[in-house]
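In case you want the letters, here they are:
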Amino acid sequence: MERGYRATPGAQQAGSALNPNLNPANAVTASRFLTLPPFVYFVDRGLLHWAMVMVIVCGLLDLVDGKVARAFDCITPFGEVFDATSNWEAAGTPSSRNKVGR
């Protein structure tokens, strides 16, 4: 069986192909980026307990996106690169905040 997103009958609109990169796993991965602005905000305000909550949420979303990709059989080359990029971004933001002074 080929890996990739399988559209259900009728999921495609007339005349357009379904983009395999628009799938549930990549949506979860994209949501990880939404934890970064609150993280920076909380660190800048000294609310470190809330910043840690954002780190935990980001980590949990990282666990979930892989399970979602396997559950929905929507593993794509783009998704693998996107997940790795978001891992580096999530790891780089906290470390870069330590180097930037107020």
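Check the entry above for the structure.
This one's a predicted model, so the numbers in the text were calculated from it and none came from an experiment.

Rules behind the numbers
Residues numbered from 1 in each chain as written. Predicted model: local features only at pLDDT ≥ 70, side-chain atom pairs only at ≥ 80, totals over all residues. Heavy atoms only, no water. Helix = DSSP H or I, 4+ residues; strand = E, 2+ residues; numbered from the N terminus. Buried < 20%, exposed > 50% of the residue type's maximum accessible area, 1.4 Å probe, protein only. Contact = heavy atoms within 4.5 Å. Areas by Shrake-Rupley, 256 points an atom, 1.4 Å probe, with all protein chains shown as cover. Salt bridge = Lys/Arg side-chain N within 4 Å of Asp/Glu carboxyl O.

*Asks:* Even after reading the chapter, I still don't get the overall build of the protein chain, so can you show me in this structure?
*Replies:* Counting its secondary structure elements, the protein chain contains 4 helices and 0 strands. Counting helices and strands in the order they occur from the N terminus, the protein chain gives α-α-α-α. Across the 102 residues that make up the protein chain, the buried fraction comes to 26%. Taking contacts inside the protein chain between residues at least 6 apart in sequence as the whole, the part at least 24 apart equals 74%. For the protein chain, the accessible area works out to roughly 7000 Å², and carbon and sulfur atoms hold 65% of it.

*Asks:* What is the right way to look at the pattern of salt bridges in this model?
*Replies:* Note that side chains of opposite charge can pair when their charged atoms are close. Counted under the stated rule, the structure contains 3 salt bridges. Arg32 is the salt-bridge partner of Asp62, the closest N and O atoms lying 3.1 Å from each other. Placement of the pair is Asp62 in helix α3 (residues 48-71) and Arg32 in helix α1 (residues 24-33), with a sequence separation of 30 residues. Owing to a relative accessible area of 27%, Asp62 belongs among the partly exposed residues under this scheme. Residues Arg32 and Asp83 are paired through a salt bridge, measuring 2.8 Å at the closest nitrogen-oxygen approach.

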